[in-house]
Amino acid sequence: LSSRNQYLTEKEREIAPVLYQSLQQAQKLLLSGDDIETITQSTTQRLAQSGFEVDYFNVADAKTLGQVLENSEKVVILVAAKLGQTRLIDNVSFSLNR
């Protein structure tokens with residue numbers, strides 16, 4: 001449990017897991033071949049609908065933090081979003097099985 005969770009209300013603590021669940025869903029979509037732009041838009045929308053104010057959502061090459069390229073071996077999905085007064089950050093990294 002993150003130390004930032006102490007700043008969340010009880011209701012916000014119920015919503016907070018959506019942040020990581022969204023990362024996991026985005027990972028599945030990327031691995032199934034969905035477009036990064038589409039994933040970014042849908043995930044950002046899902047988070048906003050859940051009550052988050054998204055600062056950023058980014059899919060990047062894990063080695064360079066630049067754009068994912070054909071030769072990218074590992075990817076990281078990064079997110080920062082406010083829930084109430086608390087800014088939450090999370091990420092997930094994984095290998096692209098090409």
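Before any of the text, the structure's been laid out above.
Every value quoted in this text rests on a predicted model; they were computed, and no experiment measured them.

Q: Even after reading the chapter, I still don't get the overall build of the protein chain, so can you show me in this structure?
A: Helix and strand counts for the protein chain come out as 3 helices and 3 strands. Ordered by position from the N terminus, the helices and strands of the protein chain form the series α-α-α-β-β-β. For the protein chain, the C-alpha radius of gyration of 14 Å lies close to 13 Å, the compact-globule estimate for 98 residues. Projected onto its principal axes, the C-alpha coordinates of the protein chain cover approximately 45 × 25 × 20 Å. The buried share of the protein chain, reckoned over its 98 residues, is 36%. In the form shown here, the protein chain has an accessible surface area of approximately 6300 Å², with 45% of it arising from carbon and sulfur atoms. Each charge sign in the protein chain was given a centre, from 10 positive and 12 negative side chains, and these centres are 5 Å apart.

Q: Whenever I open this one, helix α2 (residues 17-31) confuses me. Can you help?
A: One turn of the α-helix equals 3.6 residues, which is why residues spaced by three or four share an orientation. In this model, α2 (15 residues) spans 22 Å end to end at C-alpha, consistent with the 21 Å of a helix rising 1.5 Å per residue. Listed as buried for α2 are Val18, Leu19, Ser22, Leu23, Ala26, Gln27 and Leu30. Looking at the buried residues of α2, the elements they touch are α1 (10-15), α3 (36-50), β1 (53-61), β2 (74-83) and β3 (86-95).

Q: I keep staring at the pattern of salt bridges and nothing clicks. Help me out?
A: Pairs may arise between side chains of opposite charge once their charged atoms sit close together. One pass over the structure, following the stated rule, counts 1 salt bridge. The salt bridge involving aspartate 55 is made with arginine 87; its shortest N-O contact spans 2.6 Å. Taken together, the residues aspartate 55 in strand β1 and arginine 87 in strand β3 connect sequence positions 32 residues apart. A residue is classified by how much of its surface remains accessible, and aspartate 55, at 37% relative accessible area, is partly exposed.

Q: I keep staring at the nonpolar core and nothing clicks. Help me out?
A: One broad trend across soluble globular proteins is that nonpolar side chains are buried collectively. Residues Phe52, Phe57 and Ile77 are the most contacted members of the largest nonpolar core, which totals 23 residues. Counting only elements with at least two residues in this core, the list comes to α2, α3, β1, β2 and β3. Residues contacting phenylalanine 52, with those up to four places away along its chain left out, are Ile15, Ala16, Val18, Leu19, Leu47, Ala81, Lys82, Leu83 and Leu88.

Q: Is there a simple way to explain unusual backbone geometry in this structure?
A: Across residues other than glycine, the phi torsion is negative in most instances, and most of the peptide bonds are trans. Unusually for a residue other than glycine, leucine 65 sits at a positive phi of about 60°. Of note, leucine 65 is situated in the loop between β1 and β2. Residue classification places leucine 65 among the exposed residues on the basis of a relative accessible area of 53%.

Here is what the cut-offs are and how they apply
Residues numbered from 1 in each chain as written. Predicted model: local features only at pLDDT ≥ 70, side-chain atom pairs only at ≥ 80, totals over all residues. Heavy atoms only, no water. Helix = DSSP H or I, 4+ residues; strand = E, 2+ residues; numbered from the N terminus. Rg over C-alpha atoms; globule rule 2.2 N^0.38 Å. Buried < 20%, exposed > 50% of the residue type's maximum accessible area, 1.4 Å probe, protein only. Areas by Shrake-Rupley, 256 points an atom, 1.4 Å probe, with all protein chains shown as cover. Lys, Arg positive; Asp, Glu negative; His and termini not counted. Charge placed at Lys NZ, Arg CZ, Asp CG, Glu CD. Expected span 1.5 Å × (residues − 1). Contact = heavy atoms within 4.5 Å. Salt bridge = Lys/Arg side-chain N within 4 Å of Asp/Glu carboxyl O. Core = buried A, V, L, I, M, F, W, Y, C linked by side-chain atoms within 4.5 Å.

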